[in-house]
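Commentary on secondary and tertiary structure
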Amino acid sequence: MLEMIPLLLLAAGTMVLLAIGFGLVLGWANVRFHVEQDPRVDAINQALPGANCGGCGLAGCGAFAEAVVEGTAKPDGCPVGGADVAARLAEILGIEVNQSFPYRPVIHCAADCDSRLGLADYAGERTCFAANVIGGVQGCTYGCLGFGDCATSCPFDAITVVNGLPRIDYARCTGCGACERACPRHIINMVPFKASRMLVIACSNKDMGKLVRNVCKVGCLGCKACTRISDAFRVENNIAQLDYDKYDPDADFTPVIDKCPMKGMLFVGRPSPKDLQAVKDQDLPAVIMDQFETTVDKTQW
């Protein structure tokens, strides 16, 4: 047993020397390859919501923080944080940003299963992607297919499908854009919410009015009645569109809504206290909380 002691001491000494050697090598490597990080990156990362949703177009909040400091991303590029976070990032960077609005998704269709005409007996895979590839599921080739790919893609459980039509819970929605990317018919777009509730046109059908009537009970006819009342509206490709550059959230859109023959203009979003007070004595359906939008692509705004 005594003859083993020198071997044990030698082994222990070898381990100690190796540990010291590795420590010295790692310490040298840390100094040699250290990359200084701009302290603003950490400050910006702390100011971000931390959702890591990818709505900014980058891998997560950390990547967005680095891109903002490098100048390859704008301070108002976080759809979840909105104007408050944009102002905080501008303060950290020592710059000014123009007024910005949070982008939220809207659905260019208000036709549930009861409003769609020409429905087929579809027995395929119950996803919008598959149904869109097959075609012929319903008369309207523009409208929502109703199988809920948008709801499945939402990481915040902000979308539910009721009678074949998605409903957005704007109290949960962060504006990450996952639903927009998931829709195979591209009828979901991100809209700048200039107020808690926005007026929208709930249709995307570009066919002539007569053809629209053949496939949908609530589709836009392109009649131009709205354009004769407000210059915020225009008709392109047989469908009414809202110009969000001209959109005034304080404007009274009641005459336009009343004039629409299909009653396809809806308010979406979260009602303000003023909105709730205005309808406190009315028995209204819950759908005023969460509905749908126009076919203007946001690159036009």
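Our subject is the structure listed above.
Residues numbered from 1 in each chain as written. Predicted model: local features only at pLDDT ≥ 70, side-chain atom pairs only at ≥ 80, totals over all residues. Heavy atoms only, no water.

**Concerning the overall build of the protein**
Formally: Counting from the N terminus, the helices are DSSP H or I runs at least four residues long and the strands are E runs at least two residues long. Relative accessibility under 20% of the residue-type maximum defines a buried residue, over 50% an exposed one, and the middle range a partly exposed one, all with a 1.4 Å probe and only protein chains included. Contacts are residue-level and defined by heavy atoms, with any inter-residue pair within 4.5 Å sufficient. All accessibility values rest on the Shrake-Rupley procedure with a 1.4 Å probe; residue burial counts only the protein chains present in the view.
Summing up its helical and strand segments, the protein has ten helices and eight strands in all. Out of the 301 residues in the protein, the part that is buried amounts to 42%. Partitioning the contacts of the protein with sequence separation of at least 6, the portion at a separation of at least 24 is 66%. Just so you have it, the protein exposes about 16900 Å², and 56% of that area is on carbon and sulfur atoms.

**Things to note about the packing of helix α2 (residues 39–47) against helix α4 (residues 82–93)**
This is how it is decided: Whenever a helix is involved, its axis is fitted only over the stretch in contact; in every case the axis is a line through C-alpha atoms, and angles between N-to-C directions fall within 0 to 180 degrees. An angle below 35 degrees is treated as roughly parallel, one above 145 as roughly antiparallel, one from 65 to 115 as roughly perpendicular, and anything else as oblique. Handedness of a crossing follows from how the near helix is turned relative to the far one, being left-handed for an anticlockwise turn of less than a right angle and right-handed for a clockwise one. Side-chain classes are defined by residue name, with Ala, Val, Leu, Ile, Met, Phe, Trp, Tyr, Cys and Pro counting as nonpolar, Asp, Glu, Lys and Arg as charged, and the others, Gly among them, as polar.
Two elements in contact, α2 and α4, have axes separated by 10 Å at closest approach and are oriented at 165°. On the basis of the axis angle, α2 is roughly antiparallel to α4. Crossing of α2 over α4 shows right-handed handedness. Note on element contacts: α4 touches α2 through Val85, Arg88, Leu89, Ile92 and Leu93, opposite Arg40, Ala43, Ile44 and Ala47. Tallied by class, residues from the contact of α2 with α4 come to seven nonpolar, no polar and two charged.

**A few points about unusual backbone geometry**
The residue Asn52 is not glycine, and still its phi comes out positive at about 50°. Structurally, Asn52 is set in the loop between α2 and α3 (61–70). Looking at Asn52, the relative accessible area reads 49%, which means it is partly exposed. A positive phi angle is found at Asp157, which is not glycine, with a value near 50°.

**Digging into the packing of α2 against α3**
α3 packs onto α2 with a crossing angle of 130° between their chain directions and a minimal axis gap of 8 Å. In terms of axis orientation, α2 runs oblique to α3. Like other packed secondary-structure pairs, α2 and α3 cross with a definite hand, here right-handed. Contacts between α2 and α3 involve Arg40, Val41, Ile44 and Asn45 on the former and, on the latter, Cys61, Gly62, Ala65, Glu66, Val68 and Val69.

**Quick word on empty space enclosed by the protein**
Short version of the rule: A pocket here means an open set of points on a 1 Å grid, computed over the protein atoms alone, that has protein on both sides within 12 Å along at least five of seven lines. A cavity is instead a set of points where a 1.4 Å probe fits but cannot get out; residues with an atom within 4 Å of a point line either one. Grid points are joined across faces, edges and corners, and a volume is the space filled by probe spheres set on the points.
Using the criterion set out here, one finds five cavities of 30 Å³ or more in the structure. For the lining of the largest cavity, the per-class residue count stands at 14 nonpolar, three polar and one charged.

**What about the environment of Leu221?**
Within the secondary structure, Leu221 sits in the loop between α8 (209–215) and β6 (233–236). Residue classification places Leu221 among the buried positions, given a relative accessible area of 17%. With ten residues separating them in the primary sequence, Leu221 and Leu211 have C-alpha atoms 8.9 Å apart. Not counting residues up to four positions away in its chain, the partners in contact with Leu221 are Gly209, Val212, Arg213, Asn238, Pro261 and Met262.

**Some thoughts on a nonpolar patch on the surface**
Note the threshold: Any residue with relative accessible area above 30% and no salt bridge may belong to a patch, with like charges joined within 9 Å and the nonpolar Val, Leu, Ile, Met, Phe, Trp and Tyr side chains within 5 Å. The working definition used for a salt bridge is a side-chain nitrogen of Lys or Arg within 4 Å of a carboxyl oxygen of Asp or Glu.
A grouping of Val16, Leu17, Ile20 and Leu24 is seen on the molecular surface, where their side chains present a nonpolar patch of about 430 Å² in accessible area. Its relative accessible area of 49% is what places Ile20 among the partly exposed residues.

**Comments concerning the pairing of strand β2 (residues 159–162)**
Operational definition: When DSSP finds two or more bridges between a pair of strands, those strands are recorded as paired.
In the sheet, β2 pairs with strand β3 (residues 165–168) via four bridges, with the strands oriented antiparallel. Paired with Val161 across the two strands is Pro166, which belongs to β3.

**Describing the pairing of strand β7 (residues 239–242)**
Residues Ile239 and Gln241 point to one face of β7 and Ala240 and Leu242 to the other, with burial holding for every one of them. Here β6 folds back onto β7 in antiparallel fashion, the turn holding two residues, of which Asn237 has a positive phi close to 55°.

**Some thoughts on the pattern of salt bridges**
Here the structure, examined in full by the defined rule, presents five salt bridges. As a salt-bridge pair, Asp243 and Arg234 come within 3.6 Å of each other at their nearest N and O atoms. Several salt bridges converge on common partners, so that one network encompasses Arg234, Glu236 and Asp243.

**Quick word on the side chain of Asn189**
The condition that has to hold: Under the rule applied, a polar contact is a pair of N or O atoms within 3.5 Å (in protein, one hydrogen donor and one hydrogen acceptor; residues adjacent in sequence only if both atoms are side-chain atoms).
Secondary-structure assignment places Asn189 in strand β4 (residues 188–192). The exposure class of Asn189 is buried, given its relative accessible area of 10%. Engagement of the side chain of Asn189 in a polar contact is seen with the side chain of Glu180, the distance being 3.4 Å.

**Structural notes on α3**
Residues Cys61, Phe64, Ala65, Ala67, Val68 and Val69 constitute the buried set of α3. Where α3 is buried, its residues contact α2 and α4. Trailing α3 by a residue or two, Gly71 shows a phi angle of about 90°, which is positive.

**Concerning the nonpolar core**
Applicable threshold: For the purposes of this section, nonpolar cores are sets of buried Ala, Val, Leu, Ile, Met, Phe, Trp, Tyr and Cys residues that join through side-chain atoms within 4.5 Å.
Phe233 and Met265 are the most contacted members of the largest nonpolar core, which has 46 residues in total. Elements with a minimum of two residues in this core: β1 (103–107), β3, β4, β5 (197–201), α8, β7 and β8 (265–269). Looking at which element gives the most residues to this core, the answer is β5, with four residues. Residues contacting Met265, with those up to four places away along its chain left out, are Leu199, Val200, Ile201, Cys226, Phe233, Val256, Ile257 and Cys260. The next biggest cluster of nonpolar side chains, apart from the first, holds 16 residues, and it includes Ala65, Ala67, Val80 and Ile92.

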